[in-house]
Structure formats: structure tokens, C-alpha cells
Amino acid sequence: DAGITQSPRHKVTETGTPVTLRCHQTENHRYMYWYRQDPGHGLRLIHYSYGVKDTDKGEVSDGYSVSRSKTEDFLLTLESATSSQTSVYFCAISGSGRTDTQYFGPGTRLTVL
Amino acid sequence: QQQVKQSPQSLIVQKGGISIINCAYENTAFDYFPWYQQFPGKGPALLIAIRPDVSEKKEGRFTISFNKSAKQFSLHIMDSQPGDSATYFCACVKSGGGADGLTFGKGTHLIIQP
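For the structure given in this document, a descriptive report is provided here. All of these numbers come straight from a predicted model, not from anything done at the bench. (Residues numbered from 1 in each chain as written. Chains lettered and ligands numbered in written order. Predicted model: local features only at pLDDT ≥ 70, side-chain atom pairs only at ≥ 80, totals over all residues. Heavy atoms only, no water.)

## Considerations on the overall build of chain A
- Of regular secondary structure, chain A possesses zero helices and eleven strands.
- The linear arrangement of helices and strands in chain A, starting from the amino end, is β-β-β-β-β-β-β-β-β-β-β.
- A compact globule built from 113 residues should have a C-alpha radius of gyration of about 13 Å, and chain A, at 13 Å, falls within 12% of that.
- Structurally, chain A occupies a C-alpha span of about 35 × 30 × 25 Å along its principal axes.
- Relative to its 113 residues, chain A shows a buried fraction of 49%.
- The contacts in chain A between residues at least 6 apart in sequence include a share of 55% that link residues at least 24 apart.
- In the structure as shown, chain A presents an accessible area of about 5300 Å², 45% of it carried by carbon and sulfur atoms.
- Distance between charge centroids for chain A: 1 Å, based on 12 positive and 12 negative side chains. (Helix = DSSP H or I, 4+ residues; strand = E, 2+ residues; numbered from the N terminus. Rg over C-alpha atoms; globule rule 2.2 N^0.38 Å. Buried < 20%, exposed > 50% of the residue type's maximum accessible area, 1.4 Å probe, protein only. Contact = heavy atoms within 4.5 Å. Areas by Shrake-Rupley, 256 points an atom, 1.4 Å probe, with all protein chains shown as cover. Lys, Arg positive; Asp, Glu negative; His and termini not counted. Charge placed at Lys NZ, Arg CZ, Asp CG, Glu CD.)

Laid out in C-alpha cells, this is it:
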């Protein structure tokens, strides 16, 4: 398995609280991605990063922000969590971008009450 | 607007049979088409991928068939086994600048009955 860890693996929080999810890689890959997975929607891209401090929005970025201060870490922040953000969040990495294989982490299950 | 349509949503196949999952896309800028396999509680993992310059790619029991003019591609699993039971996602990647991620279909839940 590619060296990707996500923390926490499970989290329950209340509406309106801030939440930060962490993705850590040991592969020194340039590209990192955050997806959310919901029944009936598949996986949808939230934000991605193409280098340290270089990030861009994906398909469903509203309500989320990201930061990447080091190659190995990519943080996803929900500034004020809502129930619609209850989901399973996956981080992925790739070496050279679009057509390179994306390796996914184990996921974080987030429940917003 | 759904850019990648995947069908069926769920599929039950007898052991030893052929499993077929279909995907259709709209954006002609897509030029790389991977399939991902996901087991419960795990992240998706690349299974097989194809580029539009070929019509078929085979890896073991898994084959992608690609029809560029119809903007469709499909995954065939030959001699399906219970261990193939998983959720399968097709995905599309578009050419051009940037490093944005995969556009996924909604997934097919495949069950192989012993």
C-alpha cells in the first residue's frame, strides 16, 4: 500500500464546530487530493494541491478549505461543519498529476450531528 | 450535470460468470479512463486503465472495452469470483493543463454469488 495515512479515522462532531482532517504521505508525491464519498454520488473532488502552498478548488469545494505547508501533509478544514458534510473523506496522492495513478488513503468517516 | 454515467448501480453474478459494467461520458476532452475497485472500509484502488488510442486492454481476468465514437467504455470481469465482490468506479481524466482529479461515475456494487 502507498504510504498514506489519514487522521482521525472516525469523528463525530456537532453542527457549527470547526473540523480539520489530516492526510499524511511518505511517498514524496507532488499531487494530493481530497474527495468525499456519498451513497449515490460516488467520489467527488473537493480540493487538490499541486505543490506546497499551491491548491485549487474541485467540484464540491463550498464550505471547505485546505492547506499544504509541507509536501507530506494536506489538511482539509470544515470551518463550520454542517449535517450535509457528513460523509467519508478520502485523501489521494499521485506523482505526476492527471494520468498518473492516484493512490487513496483509508478514509475518514465524519458524522456531523 | 453528470459528466460520467455508470450502470448498473448494482449487479449480481454467479461464480464463473461474466460481470459487465458500463460507463458513458460527455466531455470529449477526457483522454484517460481508469477503473477503480473498492472493498468495504477501504479506499479505492486502481484496477486497470485505458487510453483512447486502443479499443481494448486486458489484464488477467479484467478487460476494458473502449468505443471512442460512442463515448462509452466498459469493464468485463471474466470467470467472476467471490473475491471480486466490491464496488467498482469508472473514472475519466481530461487533457489540458492543470492537475485536477478524477471525475468518477457513481459506482457499481458487484456481488458474486458462490
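Once you've had a look at it, read on.
## Quick notes on the packing of aromatic side chains
- Applying the stated rule across the entire model yields 20 aromatic pairs over all chains.
- Ring geometry for Y35 of chain A against F104 of chain B: centres 5.6 Å apart, planes inclined by 80 degrees, an arrangement best described as edge-to-face. Placement of the pair is Y35 of chain A in strand β4 (residues 31-38) and F104 of chain B in strand β10 (residues 103-104), with the two residues belonging to separate chains.
- The class for Y35 of chain A is buried, based on a relative accessible area of 0%.
- Among the residues examined, F104 of chain B registers a relative accessible area of 7% and is labelled buried.
- Measuring from centroid to centroid gives 5.8 Å for Y36 of chain B and F104 of chain B, while their planes differ by 65 degrees, and the two rings are edge-to-face. One end of the pair, Y36 of chain B, is in strand β4 (residues 30-38); the other, F104 of chain B, is in strand β10, with 68 residues separating them in the sequence. Accessibility classification places Y36 of chain B together with F104 of chain B in one group, the buried group. (Phe/Tyr/Trp six-rings, centres within 6.5 Å; stacked < 30°, edge-to-face > 60°.)

## Let's talk about the nonpolar core
- Grouped together as the largest cluster of nonpolar side chains are 24 residues, with contacts concentrated most on F33, W35, F73, L75 and Y88 of chain B.
- Breaking this core down by element, the ones donating at least two residues are β2 (10-14), β3 (19-25), β4, β5 (45-50), β7 (62-67), β8 (72-77), β9 (86-94) and β11 (108-113) of chain B.
- Here this core takes four residues from β9 of chain B, the largest share from any one element.
- Apart from residues lying up to four places away in sequence, L75 of chain B is in contact with S19, I20, I21, W35, L47, I48, F62, T63, I64 and Y88 of chain B.
- C23, M32, V66 and Y89 of chain A belong to the second-largest nonpolar core, a separate cluster that totals 19 residues. (Core = buried A, V, L, I, M, F, W, Y, C linked by side-chain atoms within 4.5 Å.)

## Quick word on the side chain of S49 of chain A
All names here are of chain A.
- Within the secondary structure, S49 is located in strand β5 (residues 42-51).
- Using a relative accessible area of 0% as the deciding quantity, one classes S49 as buried.
- In this structure the side chain of S49 is engaged in a polar contact, spanning 2.9 Å, whose partner is the backbone oxygen of G51.
- When residues no more than four places from it in sequence are discounted, the contact partners of S49 are R30, Y31, M32, D54, T55, R68 and F74. (Polar contact = N/O pair within 3.5 Å; in protein donor to acceptor, adjacent residues only side chain to side chain.)

## Focus on the pairing of β5 of chain A
Residues and elements named next belong to chain A.
- Along β5, nine of the ten residues are buried, which leaves the element largely enclosed by surrounding structure.
- Sheet topology places β4 next to β5; seven bridges connect them, and they run antiparallel. Bridge assignment links R36 to a residue of β5, and that residue is R44.
- Hairpin connection, β4 to β5: the antiparallel pair is bridged by three residues, and G40 has positive phi, about 80 degrees.
- Note that β5 and strand β6 (residues 54-57) share four bridges and pair antiparallel. (Pairing = 2+ DSSP bridges.)

## Describing the side chain of Q85 of chain A
All names here are of chain A.
- Within the fold, Q85 resides in the loop between β8 (73-78) and β9 (87-94).
- Here G63 takes part through its backbone oxygen, which lies 3.2 Å from a polar atom of the side chain of Q85.
- Q85 has contacts with R36, D62, G63, Y64, L78, S80, L110 and V112, leaving out every residue within four places of it along the chain.

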